[in-house]
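# Notes for the structure review
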Amino acid sequence: MLNIVLFGPPGAGKGTQSQKLIAHYHLVHLSTGDLLRAQITQGTVLGLKAKKLMDEGLLVPDEVVIGMIDSALQEKKEAAGFIFDGFPRTVPQAESLDQLLAQHQTRVSCMVALEVGEEELVKRLLERGKTSNRPDDQDESKIRRRVNVYNTETAQVAGYYANQHKFHALNGIGEIESIFGQICQIIDQHQRPVIESPIAATDEVKA
Ligand code: B4P
């Protein structure tokens, strides 16, 4: 199973690249932002609570998003793999994802982080806000708060995956197609079968 975590600050291109990746690798897209916005549209209790936090640029509680991912994994048991977009955003979410995937006899293959500076993020999200109808995209101070929440609460998730040797960072500024090509190269490295080298094995015996 191929399970990719797409990581980066708000506006880095996670949603944009996810659309291209699901088409290319035939994976199921799990965006916690999209799942939460669906709850808001349906007017559920969860959606009403989440809306207040999202509109202010704050994170929704861990147990809420972990529960949504748990349900989605149960529903999509036949999937060839997943693109996790906007999840995990905290270390407890990352730990829970490992546990949930282990219950399905699988694990995260790699994390790809898109790196983009704050001024470009603000510019992109204000531009999207003209058509997205998302209150969190329409107010510069809320966008800057989201970037600040990313820096203080989310950025440390990269270290969690670096410790597992699964972390890869890319420059998220440039042509969308070119960034997509670079992400594919990273993913394809993780898909290659590991071939044991007889030379390395002999050396190890000698040592
Ligand atoms: P999300 O829905 O995850 O939204 P996002 O981070 O704003 O969007 P994304 O990063 O996918 O957008 P993209 O760059 O593709 O989260 C919204 C809120 O939900 C959070 O603030 C939080 O409240 C809550 N939430 C979600 N998940 C949570 C979790 N796990 N825990 C707690 N709370 C959670 O697109 C941005 C724009 O950039 C687009 O207009 C696009 O066209 C443009 N763009 C993309 N790539 C570009 C490029 N290379 N060059 C120029 N423009 C580009």
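Computed from a predicted model, the values in this text were never measured in an experiment.

Here the focus is the pattern of salt bridges. Enumeration according to the criterion identifies 15 salt bridges in this entry. Where aspartate 137 meets arginine 134, a salt bridge forms, and the shortest distance between an N and an O atom there is 3.8 Å. With a relative accessible area of 16%, arginine 134 lands in the buried category. Connected through shared salt-bridge partners, Arg128, Arg134, Asp136, Asp137 and Arg146 make up one network.

Strand order in this open sheet of five strands is E2-E3-E1-E4-E5, and the pairing throughout is parallel. Among the strands making up the open sheet, the edge pair consists of strand E2 (28-31) and strand E5 (167-171). Strand-to-strand twist across the sheet, computed as the mean angle between neighbouring axes with direction ignored, equals 20°. The sheet contact formed by strand E1 (residues 2-7) and strand E3 (residues 81-85) spans five bridges and is parallel. Residue pairing for E3: leucine 6 is matched across the bridge by aspartate 85.

Attention shifts here to the site of the ligand. Taken together, 30 residues are adjacent to the ligand, and Gly13, Thr32, Arg37, Leu58 and Arg146 come closest. In the model, an oxygen atom of the ligand is placed 2.8 Å from a nitrogen or oxygen of the arginine 37 side chain. One of the side-chain nitrogen or oxygen atoms of arginine 128 is found 3.0 Å away from an oxygen atom of the ligand. Contact with the protein chains hides 88% of the accessible area of the ligand, taken as 1000 Å² for the molecule alone. The cavity where the ligand resides is the largest pocket. When residues of the shell around the ligand are traced back to their parent elements, those giving at least two are helix H1 (14-25), helix H2 (32-42), helix H6 (118-132) and helix H9 (176-191). If one sorts the elements of the shell around the ligand by residue count, H2 sits on top with four residues. Residue composition of the shell around the ligand, grouped by class: 13 nonpolar, 10 polar and seven charged.

Attention now goes to H1. An ideal rise of 1.5 Å per residue puts 16 Å on 12 residues; H1 measures up with 16 Å between its terminal C-alpha atoms. Taken together, the buried positions of H1 are occupied by Lys14, Gln17, Ser18, Leu21 and Tyr25. Taken end-on, H1 shows its buried residues confined to a sector of 110°, consistent with a single buried face. Buried residues in H1 make contact with E1, E2, E3, strand E4 (110-115) and H9.

Another point: the confidence of the model for the protein. On average, residues of the protein carry a pLDDT of 92, and 92% of them reach 70 or more. Taken together, the stretch residues 199-207 has pLDDT below 50 and engages in zero contacts with residues farther than four places along the chain or on a different chain.

Scanning the entire structure with this criterion turns up zero disulfides. With no disulfide of its own, cysteine 110 lies closest to cysteine 184 among cysteine sulfurs, the gap being 11 Å. Cysteine 110 sits in the buried class, given a relative accessible area of 0%.

As a further point, take the packing of H2 against helix H4 (residues 62-75). At their nearest, the axes of H2 and H4 sit 10 Å apart, and the two run at 95° to each other. Of the possible angle classes, the one that applies to H2 and H4 is roughly perpendicular. Along the contact surface, H2 presents Thr32, Leu35 and Leu36, while H4 presents Val64, Val65, Met68 and Ile69. Partitioned by chemical class, the residues of the contact of H2 with H4 number six nonpolar, one polar and no charged.

Here is what the cut-offs are and how they apply
Counting starts from 1 at the beginning of each chain's written sequence and moves along it residue by residue. Under the rules for a predicted model, residues below a pLDDT of 70 receive no local features and side-chain atom pairs below 80 are neither given nor counted, while totals for whole chains, interfaces and linings still include all residues. Hydrogen atoms and water are omitted, and side-chain values are computed over all heavy atoms in the structure. Only one rule defines a salt bridge in this text: a Lys or Arg side-chain nitrogen within 4 Å of an Asp or Glu carboxyl oxygen. Whether a residue is buried, partly exposed or exposed follows from its accessible area with a 1.4 Å probe, protein chains only, as a fraction of its type maximum: under 20%, in between, or over 50%, in that order. Should DSSP find at least two bridges between two strands, the strands are taken to pair. Note on conventions: DSSP H or I runs of at least 4 residues are helices, E runs of at least 2 residues are strands, and numbering of each starts at the N terminus. Between N-to-C directions, angles cover 0 to 180 degrees, with each direction set by a line fitted to C-alpha atoms, over the stretch in contact for helices. Summary of the distance rule: residues count as near a molecule or strand when at least one heavy atom falls within 4 Å of that molecule or strand. Between N or O atoms, a polar contact is any pair within 3.5 Å; within protein, one atom must be a potential hydrogen donor and the other a potential acceptor, and residues adjacent in sequence are included only when both atoms are from side chains. Under the convention used here, a 1.4 Å probe and the Shrake-Rupley method define accessible areas, while residue burial counts only the protein chains that appear. Grid spacing is 1 Å over the protein atoms alone, the probe is 1.4 Å, and a cavity is where that probe fits but cannot get out, while a pocket is an open set with protein on both sides within 12 Å along at least five of seven lines and lining residues have an atom within 4 Å of a point. By definition, a pocket or cavity contains a molecule when more than half of the molecule's atoms lie within 2 Å of the pocket's grid points. Under the convention adopted here, Pro, Cys and the residues Ala, Val, Leu, Ile, Met, Phe, Trp and Tyr are nonpolar, Asp, Glu, Lys and Arg are charged, and Gly plus all remaining residues are polar. In this scheme, a helix's expected span is set at 1.5 Å multiplied by one less than its residue total. To obtain the arc, one takes the directions from the helix axis to the C-beta atoms. The criterion used for residue contact is that any of the two residues' heavy atoms lie within 4.5 Å. The predictor attaches a confidence to each residue, called pLDDT, with possible values from 0 through 100. Note on disulfides: each one is a pair of cysteine sulfur atoms within 2.5 Å. In these notes the angle categories are as follows: under 35 degrees is roughly parallel, over 145 is roughly antiparallel, 65 to 115 is roughly perpendicular, and the rest is oblique.

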